Amino acid sequence: MLNEKQTNRNNDIPFLEVKSISFSYDAINTGRTLTLKDVSFFVNKGERIAILGHNGSGKSTLVKILGGLVEPDKGECLVNGVKIQDLDFHELRGTIGMVFQDPENQIVAAMVEDDVAFAPENQGLPSNEIQERVDNALRRVNMSHKQDSSVQRIALAGALAAKVDCLILDEATSMLDTQGRKDIEKVLREIHAEGMTIIQVTHILERESFSDIQRVIVLSQGEIIWHGTNKEFWDKAEDLGFDLPDKEITTNPAPVPSSNVKFKIDNLSFKYNPDDINYALRNIDANIYAGQWLSIIGKTGSGKSTLVQHLNALYKIQEGNIYFDGQELAQKGEEVHTLRQRVGLVFQHPEDQLFSPTVREELAFAPKNAGFSGSELDEAILYGLECVGLDKIFLERNPIALSGGERRLVAIASVLSAKPECIVLDEPLAGLDASYERIILAMLGRLRDEGKTIITITHDLRVALKFSDRILFLMDSKKVKEGTPDELINKLRTIYPDWFSDS
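None of these values were measured; they are calculated from a predicted model.

A. Region of the structure containing the overall build of the protein chain. Across its full length, the protein chain carries 17 helices and 20 strands. Counting across all 503 residues of the protein chain, residues that qualify as buried make up 53%. Relative to all contacts within the protein chain whose residues are 6 or more apart in sequence, the contacts with residues 24 or more apart total 70%. In the structure as shown, the protein chain presents an accessible area of about 22,500 Å², 47% of it carried by carbon and sulfur atoms.

B. A look at the sheet that holds strand β3 (residues 48-53). A sheet is described by the order of its strands in space; here six strands give the open sequence β6-β7-β8-β3-β9-β10, paired in mixed fashion. With one partner strand each, in any of the chains shown, β6 (96-99) and β10 (223-229) form the two edges of the open sheet. With strand direction ignored, the average angle separating the axes of adjacent strands in the sheet is 15°. Two strands pair when backbone bridges link them, and β3 and strand β8 (residues 197-201) are joined in this way by four bridges, in the parallel orientation. Note that in β8 the partner of Arg-48 across the bridge is Ile-198.

C. Structural view of the packing of helix α12 (residues 359-369) against helix α14 (residues 404-416). It is at 7 Å that the axes of α12 and α14 come closest, and there the two elements cross at 35°. Pair α12 / α14 crosses with right-handed handedness. In contact with Val-359, Glu-362, Leu-363 and Ala-366 of α12, α14 contributes Val-410, Ala-413 and Ser-414. Taken together, the residues of the contact of α12 with α14 break down into five nonpolar, one polar and one charged.

D. Expanded view of the sheet that holds strand β2 (residues 36-43). Spatial strand order, β2-β1-β4-β5: four strands in an open sheet with antiparallel pairing. Every interior strand has two partners, whereas the edge strands, β2 and β5 (82-83), have only one. Bridge analysis of strand β1 (residues 16-23) against strand β4 (residues 74-79) gives five bridges, and the strand direction is antiparallel. Its bridge partner lying in β4, Ser-22 is registered against Lys-74.

E. The packing of α14 against helix α15 (residues 434-449), seen in detail. In contact at an axis separation of 10 Å, α14 and α15 are set at 15° when each is read in the N-to-C sense. One element, α14, and the other, α15, form an angle in the roughly parallel class. The crossing of α14 and α15 is left-handed. Note on element contacts: α15 touches α14 through Tyr-436, Ile-439, Ile-440, Met-443 and Leu-447, opposite Gly-405, Glu-406, Arg-408, Leu-409, Ile-412 and Leu-416. For the contact of α14 with α15, the residue count by class is eight nonpolar, one polar and two charged.

F. Representation of empty space enclosed by the protein within the structure. For the structure shown, the criterion picks out three cavities of 30 Å³ or more. The calculated volume of the largest cavity comes to roughly 50 Å³. As for the largest cavity, its lining consists of Trp-293, Glu-427, Pro-428, Leu-429, Leu-441, Leu-444, Thr-456, Ile-457, Thr-458 and Val-463. Among the elements of the structure, α15 and β18 (453-457) are those that each provide at least two residues to the lining of the largest cavity. Partitioned by chemical class, the residues of the lining of the largest cavity number seven nonpolar, two polar and one charged. Within this model, the second largest cavity holds a volume of roughly 50 Å³. For the lining of the second largest cavity, a count of residues per class yields three nonpolar, four polar and one charged.

G. A look at the side chain of Glu-406. In this structure, Glu-406 sits in helix α14. Within the buried core, Glu-406 has no salt-bridge partner, and the shortest N-O distance to an opposite charge, that of Arg-397, equals 4.5 Å. If near-sequence neighbours (up to four positions away) are discounted, Glu-406 is found in contact with Phe-394 and Tyr-436.

H. Broad picture of the packing of aromatic side chains. The tally for this structure, following the rule as stated, stands at nine aromatic pairs. With 5.1 Å between their ring centres and 25° between their planes, Phe-270 and Tyr-315 make a pair best called stacked. You can see Phe-270 sitting in strand β11 (residues 261-270) and its partner Tyr-315 sitting in the loop between α10 (304-308) and β14 (319-324), a full 45 residues away along the chain. Residue classification places Tyr-315 among the partly exposed positions, given a relative accessible area of 23%.

I. Region of the structure containing the environment of Gln-331. With respect to the helices, strands and loops of the structure, Gln-331 is situated in the loop between β15 (327-328) and α11 (334-342). Along the sequence, Gln-331 and Leu-314 sit 17 residues apart, while their C-alpha atoms lie 8.8 Å from each other. When near neighbours in sequence (up to four residues on either side) are disregarded, Gln-331 contacts Ala-313, Lys-316, Ile-317 and Val-336. Within the local environment of Gln-331, its side chain forms a polar contact with the backbone nitrogen of Ile-317, the two atoms lying 2.8 Å apart.

J. Fine view of the environment of Gly-53. Positionally, Gly-53 belongs in strand β3. Separated by 170 residues in sequence, Gly-53 and Glu-223 place their C-alpha atoms 9.8 Å apart. Not counting residues up to four positions away in its chain, the partners in contact with Gly-53 are Lys-59, His-203, Leu-219 and Phe-242.

K. Representation of the pairing of strand β16 (residues 343-346) in the model. Every second residue of β16 is oriented toward a common face, with Val-343 and Leu-345 on one face and Gly-344 and Val-346 on the other, all of them buried. In terms of strand pairing, β16 meets strand β17 (residues 422-426) through four bridges, oriented parallel. Looking across to β17, one finds that Val-346 is bridged to Leu-425.

What counts, and at which threshold
Starting afresh in each chain, residues are numbered from 1 along the sequence in its written order. Confidence filtering applies because this is a predicted model: local features only for residues at pLDDT of at least 70, side-chain atom pairs given and counted only at 80 or more, and all residues used for totals across whole chains, interfaces and linings. Excluded from the side-chain calculation are hydrogens and water; included are all heavy atoms of the structure. In DSSP terms, a helix is any run of H or I states spanning at least four residues, a strand is any run of E spanning at least two, and both are numbered starting from the N terminus. Residue burial is assigned from relative accessible area. The probe radius is 1.4 Å, only protein chains are included, and a residue is buried under 20% of its type maximum, exposed over 50%, and partly exposed in between. Here, two residues are considered to be in contact whenever any of their heavy atoms come within 4.5 Å of each other. Methods summary: accessible areas were calculated by the Shrake-Rupley approach with a probe of 1.4 Å, and residue burial reflects only the protein chains presented. Each pair of strands is called paired provided DSSP finds at least two bridges between the two strands. To define axes, lines are fitted to C-alpha atoms, for helices over the stretch in contact only, and angles between the resulting N-to-C directions are given on a 0 to 180 degree scale. The hand of a helix crossing depends on one turn: near helix anticlockwise from the far one by less than a right angle means left-handed, and clockwise means right-handed. Ten residue types, Ala, Val, Leu, Ile, Met, Phe, Trp, Tyr, Cys and Pro, are classed as nonpolar, four, Asp, Glu, Lys and Arg, as charged, and the remainder, Gly among them, as polar. Roughly parallel means an angle under 35 degrees; roughly antiparallel means over 145; roughly perpendicular covers 65 to 115; every other angle is labelled oblique. Cavities and pockets are defined on a 1 Å grid built over the protein atoms alone: a cavity is a set of grid points where a 1.4 Å probe fits but cannot escape, while a pocket is an open set with protein on both sides within 12 Å along at least five of seven lines, and lining residues are those with an atom within 4 Å of any such point. Grid points are joined across faces, edges and corners, and a volume is the space filled by probe spheres set on the points. In this tally, Lys and Arg are treated as positive and Asp and Glu as negative; His is ignored, and so are the chain termini. The term salt bridge refers to a pairing of a side-chain nitrogen on Lys or Arg with a carboxyl oxygen on Asp or Glu at a separation within 4 Å. Each aromatic pair joins two rings of Phe, Tyr and Trp (for Trp, the six-membered one) with centres within 6.5 Å, and gets the label stacked for planes under 30 degrees apart, edge-to-face for over 60, and tilted for any other angle. Any pair of nitrogen or oxygen atoms within 3.5 Å is treated as a polar contact; in protein, a donor-acceptor pairing is required on top of that, and neighbouring residues in sequence qualify only through side-chain atoms on both sides.

Function-wise, these values are silent; they only describe arrangement.
This is how it looks when you write it as structure tokens:
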């Protein structure tokens, strides 16, 4: 229920009002588990609020309801006093714009300009006005020359081109580096100052990005457990279970020594389009040592994901070479199948690799392909589950019905169940709350200590410096430096001072 702090003291109709909403993904007749339980709040026009909560608290479901993508089982959501379900498509999309946790899912056109034009075209605007809106929106997100292909910027530009009254962002910056988040934050401050209503779901607690937020709502297990002003939140954050950012960046005090080269990358270059003059990777030389934890860092678009997808032959070598345990990396046939059993890859978006109806079947897929059967297969399934700290009750659940953090753990467990020698993880912490971050970091540390080779891509510089044995730093598709955290920290401070000024 709304209390005195939430009351609209002007007695005006709020821009957006949520009244006693409940929702479940379960069928009505199965003794449902509620994802949202009797949630009520309002947002005034021109406000900027943050919705926080641990993974599985119901945040993403709530914003889908606010955006008219999901209808609540009980209660109602009103925009300017009108039920969202009573608005037609053009009214709704001209009022509320959304940028999702994975913006790639809302990119509809092959060309940046065409995608940004999608919303105003669907509003039936004349071509000259569409072009003007597209140009202005791209300028606002610093893409006037289309030089930056960040899907977050494209999705945000598309919402701005529609000239919506309210922008809803669901973890829209979780895949961006520090500078990318700062760039998006600058745009959000500008449009908020111009009167835009902004509702923002985030796990990233940075005081700088919160300074423009007026109110904070905290969800837990589908219910609002706290709300208040920005200042009140920071005073209560730790009591509410949130980890505050470290004030100082520290480095791993005891990197694991190793002289055994697992991967030797020799002058590797790669283009997505052979006719393109631009390289996704250019003359990369690096050593990845057995039994160590290597973090690959760099700005968005620097080539990190392209590099790791060469390590189990998802991308074929075009120029240069890669050696695995001293042998040329397999590129075709049965040798690639064997390679992928030895080198497990967890993608940036774990839901992309979940396809089975139960967690048990998901975890059985890789070991079955590796020839496991009977009790050996059962043991492999439990091994994967135990590695990520999930209880056996998860085995019969549908992976798609799990929270974002739980899906991430299942995706990692599905790779670990085949017991690979090397585990490659692309942004394993993106979009996760502090509790899930701790689980994954502790798990990777244990696996490293057991002799596994760990390779992670991360935008979180603090994590890379604190937990890695070595770091590979890429910029503009090239290697800048490779070494221990202590060897790289001063170089990073020089090149990216903003990366060290988050707290």
